[in-house]
Amino acid sequence: MPGRPGTPPGSNATLDMVLDTTQQNQRMTHFSDHDAIWLFGYGSLIWKAGFAYLERRPAYIRDWTRRFWQGSHDHRGTPAAPGRVATLLPSPGAICHGMAYRITPETLGPLDVREKNGYLREVITLHFADSDTAQGLVYIATEDNAAYLGDAPTAEIARQIAEARGPSGPNRDYLLNLDEALRALDVEDAHVAELARHVRHLDSETSDA
Ligand code: BEZ
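Residues numbered from 1 in each chain as written. Predicted model: local features only at pLDDT ≥ 70, side-chain atom pairs only at ≥ 80, totals over all residues. Heavy atoms only, no water.

Going by the annotation in an unreviewed UniProt entry, the name recorded for the protein chain is glutathione-specific gamma-glutamylcyclotransferase, with Halomonas caseinilytica given as the source organism.

K.L.:
Could you give an account of the pairing of strand E5 (residues 133-140), with specific residues and numbers?
P.N.:
Two faces make up the sheet, and in a regular strand the side chains alternate between them. Taking burial as the measure, the eight residues of E5 include six buried ones, the bulk of the element. Both strand E1 (residues 37-41) and E5 contribute to a ladder of three bridges, which runs parallel. When the sheet's bridge partners are listed, Leu39 is paired in E5 with Leu137. Alignment of strand E4 (residues 120-128) against E5, held across eight bridges, turns out to be antiparallel. Bridge pairing in E5 links Leu120 to Ile140. What sits between E4 and E5 in their antiparallel hairpin is a turn of four residues, with Ser131 showing a positive phi close to 75°. (Buried < 20%, exposed > 50% of the residue type's maximum accessible area, 1.4 Å probe, protein only. Helix = DSSP H or I, 4+ residues; strand = E, 2+ residues; numbered from the N terminus. Pairing = 2+ DSSP bridges.)

K.L.:
Can you lay out helix H6 (residues 171-184) for me, pointing to particular residues and giving the numbers?
P.N.:
Given a rise of 1.5 Å per residue, 14 residues ought to cover 20 Å, and the 20 Å separating the end C-alpha atoms of H6 matches this to within 8%. Burial in H6 covers these residues: Asn171, Tyr174, Leu175, Leu176, Leu178, Asp179, Ala181 and Leu182. A positive phi of about 65° marks Asp186, the residue just after H6. (Expected span 1.5 Å × (residues − 1).)

Here it is, written out as structure tokens:
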């Protein structure tokens, strides 16, 4: 199983990877006294919110890069065969494009539960196309969380994504929907595009067989 060294499949260590960050997030009080909060989405939130929102606007954040380095044991994979989903890596000078949602504070509770496998809320500055900026929140899975997988050769990450499937569906759909949504926003993300190219190639090999 791909993942952290020394955690064989089926062991208790595998179960430990299903971390629950819900309580940590719900102790965060930033913006809790506001009527509305901006939330920056850079993964599935770009193509599917799954919650009610007041407003939705393309936005970007500075000094972060999107990477498929977070393991998904609960949505796009299983503890025995985790998938890979997006997280953000600190990257001075980089820009990460995504989608901003203006939400009410009550929306965060269910999101904390949905994203409990390693993601923590962070305060971030959002930039909008008209040069407007706003303070908001973003969920980031950092390298110290138990489900973190980190880097691997592109072909290996693509194969893992092509093969994984979890309660929220095939891992490949997450990647390919994200790739299409970024293209629709006119955003070039070389990491996502390269992975999507690999996964489409693997799909075509399977359908030719
Ligand atoms: C997102 O799609 O931006 C996202 C939301 C919650 C956790 C991780 C990513």
